[in-house]
Amino acid sequence: MSIIEFRQTSKHFGPLKVLDHVDLSIDEGQVVVLIGPSGSGKSTLLRCINGLETITGGDLIVDGLSVTGGKKQLREIRREAGMVFQQFNLFPQLTALENVAFGPRKVRKLSKEQAEEVAIDLLDKVGLAEKAGHYPAELSGGQQQRVAIARALAVKPKVMLFDEPTSALDPELKQEVLNVMRQLATEGMTMVVVTHEMSFAKQVGTRLIFMEHGKIAVDGHPREVIDTPPNDRMKDFLQHVE
Amino acid sequence: METDWSVIFDYLPALLAGAKTTVYITILGLVGGMVLGTLAGLMRAYGGWLLNAIAFVYIEAIRGTPIVVQVMFLYFALPVLADIRIDPMSAAILAIVVNAGAYIAEIVRGAFLSISKGLTEAGLAIGLPHWKVLLYIVGPLAFRRLIPPLGNQFIVSLKDTSLFIVIGVGELTRTGQEIMASNFRAVEIWTAVAIIYLIMTGTLTLILRVTEKRMRIL
Ligand SMILES: Nc1ncnc2c1ncn2[C@@H]1O[C@H](COP(=O)(O)OP(=O)(O)OP(=O)(O)O)[C@@H](O)[C@H]1O
Ligand SMILES: [Mg+2]
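Not measured: the values here are computed from a predicted model.

### Observations regarding the overall build of chain A
Reasoning step 1: The number of helices and strands found in chain A is 9 helices and 10 strands.
Reasoning step 2: Taking 2.2 N^0.38 as the reference for a compact globule, 242 residues should give roughly 18 Å; the C-alpha atoms of chain A span a radius of gyration of 18 Å, in line with that estimate.
Reasoning step 3: The dimensions of chain A, computed from C-alpha atoms along their principal axes, are 50 × 40 × 35 Å.
Reasoning step 4: Of all 242 residues assigned to chain A, the portion counted as buried reaches 57%.
Reasoning step 5: In chain A, once contacts between residues fewer than 6 apart in sequence are set aside, the share between residues at least 24 apart is 66%.

### Considering the pairing of strand β10 (residues 215-220) of chain A
Residues and elements named next belong to chain A.
Reasoning step 1: Of the strand pairs in this sheet, strand β9 (residues 207-212) and β10 are connected by 5 bridges, and their pairing is antiparallel. Considered in β10, the bridge of I209 is made with D219.
Reasoning step 2: Taking the residues that link successive antiparallel strands as the turn, the β9-β10 hairpin has 2 residues, and the phi of H213 there is positive, at about 45°.

### Some details on unusual backbone geometry
Residue and element names in this part refer to chain A.
Reasoning step 1: The residue D63 is not glycine, and still its phi comes out positive at about 50°.
Reasoning step 2: Along the chain, D63 turns up in the loop between β4 (57-62) and β5 (65-66).
Reasoning step 3: Its relative accessible area of 25% is what places D63 among the partly exposed residues.
Reasoning step 4: One non-glycine residue, E164, lies in the positive phi region at around 45°.
Reasoning step 5: Along the chain, E164 falls in the loop between β7 (159-163) and α6 (171-186).
Reasoning step 6: Its relative accessible area of 15% is what places E164 among the buried residues.

### Here's the deal with the nonpolar core
Side chains of a nonpolar character, in soluble globular proteins, are inclined to be buried together.
Reasoning step 1: Counting 89 residues, the largest nonpolar core has I4(A), F6(A), L60(A), L161(A), I137(B), F164(B) and L172(B) as its most contacted members.
Reasoning step 2: Not counting the four nearest positions on each side in its chain, F6(A) is found in contact with V22(A), D23(A), L24(A), L45(A), I49(A), D59(A) and L60(A).
Reasoning step 3: Within the second largest apolar cluster, 39 residues are counted, among which are L122(A), L139(A), L153(A) and A154(A).

### Quick word on the UniProt feature "domain: ABC transmembrane type-1" (unreviewed entry) in chain B
Reasoning step 1: UniProt records the feature "domain: ABC transmembrane type-1" (unreviewed entry) for residues 19-208 of chain B in the present numbering.
Reasoning step 2: The span residues 19-208 of chain B is 84% helical and 0% strand by assignment, and the distance between its end C-alpha atoms comes to 20 Å.

### Some remarks on the packing of aromatic side chains
Reasoning step 1: Counted under the stated rule, the structure contains 5 aromatic pairs over all chains.
Reasoning step 2: A ring pair is formed by F210(A) and F237(A), whose centres lie 5.5 Å apart and whose planes are at 55°; its orientation type is tilted. One end of the pair, F210(A), is in strand β9; the other, F237(A), is in helix α9 (residues 232-241), and 27 residues separate them in sequence.
Reasoning step 3: Measuring from centroid to centroid gives 6.2 Å for Y46(B) and F112(B), while their planes differ by 80°, and the two rings are edge-to-face. With a gap of 66 residues between them, Y46(B) in helix α1 (residues 7-46) and F112(B) in helix α4 (residues 88-113) connect regions that are remote in the sequence.
Reasoning step 4: Looking at Y46(B), the relative accessible area reads 30%, which means it is partly exposed.
Reasoning step 5: For F112(B), a relative accessible area of 11% corresponds to the buried category.
Reasoning step 6: Ring-pair connections join several aromatic residues into one group, and the members of that group are F91(A), F102(A) and Y136(B).

### Topic: the site of ligand 1
All names here are of chain A.
Reasoning step 1: In the vicinity of ligand 1, the contacting residues are F13, L16, V18, P37, S38, G39, S40, G41, K42, S43, T44 and E164.
Reasoning step 2: For ligand 1, an oxygen atom lies 3.0 Å from a polar atom in the backbone of G41.
Reasoning step 3: Contact distances for ligand 1 include 2.8 Å between an oxygen atom and a side-chain N or O atom of K42.
Reasoning step 4: Here ligand 1 has 640 Å² of accessible area as a free molecule, and 59% of this is covered by the chains.
Reasoning step 5: Sort the elements by how many residues they give to the shell around ligand 1 and helix α1 (residues 42-49) lands first, with 3 residues.
Reasoning step 6: Tallied by class, residues from the shell around ligand 1 come to 4 nonpolar, 6 polar and 2 charged.

### Concerning the pattern of salt bridges
All names here are of chain B.
Reasoning step 1: For the structure shown, the criterion picks out 19 salt bridges over all chains.
Reasoning step 2: The salt bridge involving R63 is made with E60; its shortest N-O contact spans 3.4 Å. With a gap of 3 residues between them, R63 and E60 both fall in helix α2 (residues 49-63), about one helical turn apart.
Reasoning step 3: Classification of E60 by relative accessible area gives partly exposed; the value is 33%.
Reasoning step 4: K117 is paired through a salt bridge with E121; the nearest N and O atoms lie 3.8 Å apart. Pair noted here: K117 and E121 are both in helix α5 (residues 117-125), with a separation of 4 residues, about one helical turn.

Analysis parameters
Sequence order as written defines residue numbering, which begins from 1 separately in each chain. For naming, the first written chain is A and the first written ligand is 1, with later ones following in the order written. Local features in this predicted model are restricted to residues whose pLDDT is 70 or higher, and side-chain atom pairs enter the listing and the counts only when it is 80 or higher, whereas totals over whole chains, interfaces and linings include all residues. Excluding hydrogens and water, the side-chain figures rest on all heavy atoms present in the structure. Note on conventions: DSSP H or I runs of at least 4 residues are helices, E runs of at least 2 residues are strands, and numbering of each starts at the N terminus. With C-alpha atoms as the basis for the radius of gyration, the globule rule is written as 2.2 Å multiplied by the number of residues raised to the power 0.38. Note on exposure labels: buried denotes an accessible area under 20% of the residue type's maximum, exposed denotes more than 50%, and partly exposed covers the range between, all computed with a 1.4 Å probe on protein chains only. Every residue pair with non-hydrogen atoms within 4.5 Å of one another is taken to be in contact. Being paired, for any two strands, means DSSP has found at least two bridges between them. Working definition of a nonpolar core: buried Ala, Val, Leu, Ile, Met, Phe, Trp, Tyr and Cys residues. They are joined through side-chain atoms within 4.5 Å. UniProt positions are given in the numbering used here, feature names are shortened, and annotations may be inferred rather than shown by experiment. In this analysis, rings of Phe, Tyr and Trp, with Trp reduced to its six-membered ring, are considered paired at centre separations within 6.5 Å, and the interplanar angle assigns stacked below 30 degrees, edge-to-face beyond 60, and tilted for intermediate values. It suffices for a single heavy atom of a residue to lie within 4 Å of a molecule or strand for the residue to be listed as near it. For the purposes of these results, a polar contact is taken to be a pair of N or O atoms within 3.5 Å, where, inside protein, one atom must be able to donate a hydrogen and its partner to accept one; residues adjacent in sequence count only when each atom of the pair is a side-chain atom. Here the Shrake-Rupley method, with its probe set to 1.4 Å, supplies the accessible areas, and only the displayed protein chains count as covering residues. In this classification, Asp, Glu, Lys and Arg are treated as charged, Ala, Val, Leu, Ile, Met, Phe, Trp, Tyr, Cys and Pro as nonpolar, and every other residue, Gly included, as polar. Whenever a carboxyl oxygen of Asp or Glu lies within 4 Å of a side-chain nitrogen of Lys or Arg, that contact is scored as a salt bridge.

Encoded structure:
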């Protein structure tokens, strides 16, 4: 069953057309890896799903709700679609535990005790239970990103959106974040991931999309389309990424 | 006339009463100025075009005119224009509210907008309404950045109360001048007045330093 459905979705920034009549249907449990040149609209596509960008044409349905259905509906969509950012964006005045407990408390309206219980479980899951009392500034980039993943999961989303989650990390820290993502995928989480990590795409992805000028240029099985790119521009792109 | 510091003690009760009035005007004025300034600052930062325009006009009108003119307007022009009688004390307090409010609005706007947009997006992305993101996340962070410039404005406003001499409010400077007019002890009295101002601004600075220290600036 499809949980995200782009229907002739367009997005303009003024005169600039960033998404051009995109049709895309993502099923529950899929791990979709999005790649493409800089400026091709990957982040925009992701950010339209949880309404951080407003679509300017067509429709976009997330878990049965249209992103154009008003503020309240948009908040419901955001509770179903967690997001992880390139720059982590942890709340600096809160500890790791408080960051993760924040969503359950303020969004899911759990008591402080219940929210902290949820948070501790999730910190444990991303391997950071012993860092619960640390502030973001006291954590490495990789640790911050794992807390950010826990924070997004704490709201109990059905889909997770990742926008270049490892691009701001040193190579030796990337792996710990990718491992957490891999584990999530094994548990059946629906994921849409913008990344340049081609080995992750091949091992974890169930679907690969290559974007170009706001359109989906290639849509296929990761291993197949990476090993034998169906068009020259994708072949060029992959050579640059390697 | 020889300098005789002991005269200060004769007039100290009067000077302290003046200082009390100064503190009174400053505190009430700044409390009001904080409310007005926060409102106007948030209107500038997050309001639609209309709220934004209203706040903009207010801020620019105040920042572009001297506070003496503002208090004269409140005290002398407003009664004529709108038939509102206002006593000197109220005019003085209102002048600080309106004047400090405009500067505080700019401080508030700057502090809120200096908080990374990514944090707002992170808050929105977990499904919070925008006002809650401002209340729980951006607000507390902005508040920490607010303290140093706010402290400056508090000190400026405290000293600005001396200008209300023009409408005859019995604050510290006015009291000093009245005593002067009766005994011509310029050196002693103005030294005493200056020192009392220094004690007041010094205390304010100290309070702000301690608050700043106790809060981790992020
Ligand atoms: N808020 C905005 N206002 C105007 N233009 C924007 C805005 N956000 C993105 N764009 C433009 O939209 C286009 C697509 O941007 P987007 O961030 O989606 O690309 P991307 O594929 O994620 O690129 P990258 O790999 O560099 O992250 C770019 O040309 C960008 O400059
Ligand atoms: Mg991007």
